[in-house]
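Results of the structural survey
Chain by chain, the residues:
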Amino acid sequence: MRARAEYLAALRSAGLDVIALDPHDAVPQDFDALCLTGGGDIEPSRYGEPAAAETDDVDPARDALELRVLSDALDRDIPVLGICRGFQLINVARGGSLVQHVGGHSRSQGAVHSHEAVPAAGSLLAGATSDRAHVVNSSHHQAVTDAVLAPGLVPTVRIDGLVEAFEDPAYRWLVAVQWHPERTAEVSAEATHIFRAFADAASRQPARAR
């Protein structure tokens, strides 16, 4: 699958040894960092809402696995990187919800929507990618706004009224972006540096014991 191959290539090129999980796989006993990737919609019941007509490609088993692994990662305070669906899943797990449909951002609706992101100065994201404007991509139809952002999450990029990156200062390194830095041909080089920062965080921050 092309999407998985792109994530694996990006993570491995940053020097990480990757364990890829499918929905019914057992959770490894030990892992030093967690990357939550893109994919289908999160089941709206997870944030207490009925499904909108546009809800698509829901996989309850994947939701359950990723929420369980994320809970483990947060308990142990290991680095967490969320990308697209992963960004949304973290928001839901932390007590937020989602705008269930935003037109014009989904790959299925046409060309990838490119725009400029300017990470907030002093943020972990800016430390990873710089606080200069760089091109990122959108391929989603669900979204996060300030109104549905989970308590405690700090927005670090806003684009066209949407929160497109955040972090959580309650943890040592938790960064999430709505765009797809693994699609290197669609983003500026700065955007891809998030993987190296993630790997560096994993290497310098020993995991807490279970």
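As the structure is a prediction and not an experimental result, all values here were calculated from the model.

Regarding the overall build of the chain
- Across its full length, the chain carries six helices and seven strands.
- Taking 210 residues into account, the globule formula puts the C-alpha radius of gyration at 17 Å, and the chain, at 16 Å, falls close to it.
- Seen through its principal axes, the chain has C-alpha atoms that stretch 40 × 40 × 35 Å.
- Counting only residues that meet the buried cut, the chain has 53% of its 210 residues in that class.
- Partitioning the contacts of the chain with sequence separation of at least 6, the portion at a separation of at least 24 is 66%.
- For the chain, the accessible area works out to roughly 9400 Å², and carbon and sulfur atoms hold 50% of it.
- Charge centroids of the chain, computed over 18 positive and 29 negative side chains, lie 5 Å from each other.

What about the side chain of H134?
- Note that H134 resides in strand 4 (residues 134-138).
- Engagement of the side chain of H134 in a polar contact is seen with the backbone oxygen of R132, the distance being 3.0 Å.
- Residues in contact with H134, not counting those within four places in the same chain, are H115, E116, A117, P119, T129, S188, E190 and A191.

Quick look at the pattern of salt bridges
- Counted by the stated rule, this structure contains nine salt bridges.
- A salt bridge links D146 to R158, with the shortest nitrogen-to-oxygen separation between them at 2.8 Å. With a gap of 12 residues between them, D146 in the loop between strand 4 and strand 5 (154-159) and R158 in strand 5 connect regions that are remote in the sequence.
- One salt bridge connects E182 with R183, and the closest N-O pair in it is separated by 3.7 Å.
- Residues joined in a network through salt bridges with shared partners are R62, D63, E66 and R85.

Here's the deal with the nonpolar core
- One finds L81, I83, L125, W173, W179, I194 and F195 to be the most contacted residues of the largest nonpolar core, which totals 29 residues.
- With seven residues, the top contributor of residues to this core is helix 6 (residues 194-204).
- When sequence neighbours within four positions are dropped, the list of residues in contact with F195 reads A10, L11, A14, L81, I83, P181 and E182.
- Counting 28 residues, the second largest nonpolar core, distinct from the first, contains V69, V80, V163 and F166.

Some remarks on the packing of aromatic side chains
- Inspection of the entire model under this criterion finds two aromatic pairs.
- On the numbers, 5.8 Å between centres and 35° between planes, the contact of W173 with F198 is tilted. Residue W173 is located in the loop between strand 6 (162-167) and strand 7 (174-177), and its partner F198 is located in helix 6; the two are separated by 25 residues in the primary sequence. Residues W173 and F198 agree in their burial class; the two are buried.
- In this structure, R76 is placed above the aromatic ring of F31, and the distance from its NZ or CZ to the ring centre is 5.0 Å.

Describing the pairing of strand 5
- Sheet topology note: the strand 5/strand 6 ladder contains five bridges and is antiparallel. Bridge pairing links R158 to V163 in strand 6.
- Connecting the antiparallel pair strand 5 and strand 6 is a turn made up of two residues, with D160 showing a positive phi of about 50°.

Observations concerning unusual backbone geometry
- Within the chain, D77 stands out as a residue other than glycine whose phi angle is a positive 55°.
- Along the chain, D77 turns up in the loop between helix 2 (60-76) and strand 2 (80-83).
- At D160, a residue that is not glycine, the phi angle is positive and equals roughly 50°.
- Given the relative accessible area of 63%, D160 is considered exposed.

Rules used in this analysis
- Residues numbered from 1 in each chain as written.
- Predicted model: local features only at pLDDT ≥ 70, side-chain atom pairs only at ≥ 80, totals over all residues.
- Heavy atoms only, no water.
- Helix = DSSP H or I, 4+ residues; strand = E, 2+ residues; numbered from the N terminus.
- Rg over C-alpha atoms; globule rule 2.2 N^0.38 Å.
- Buried < 20%, exposed > 50% of the residue type's maximum accessible area, 1.4 Å probe, protein only.
- Contact = heavy atoms within 4.5 Å.
- Areas by Shrake-Rupley, 256 points an atom, 1.4 Å probe, with all protein chains shown as cover.
- Lys, Arg positive; Asp, Glu negative; His and termini not counted.
- Charge placed at Lys NZ, Arg CZ, Asp CG, Glu CD.
- Polar contact = N/O pair within 3.5 Å; in protein donor to acceptor, adjacent residues only side chain to side chain.
- Salt bridge = Lys/Arg side-chain N within 4 Å of Asp/Glu carboxyl O.
- Core = buried A, V, L, I, M, F, W, Y, C linked by side-chain atoms within 4.5 Å.
- Phe/Tyr/Trp six-rings, centres within 6.5 Å; stacked < 30°, edge-to-face > 60°.
- Lys NZ or Arg CZ within 6 Å of the ring centre and 35° of its normal.
- Pairing = 2+ DSSP bridges.

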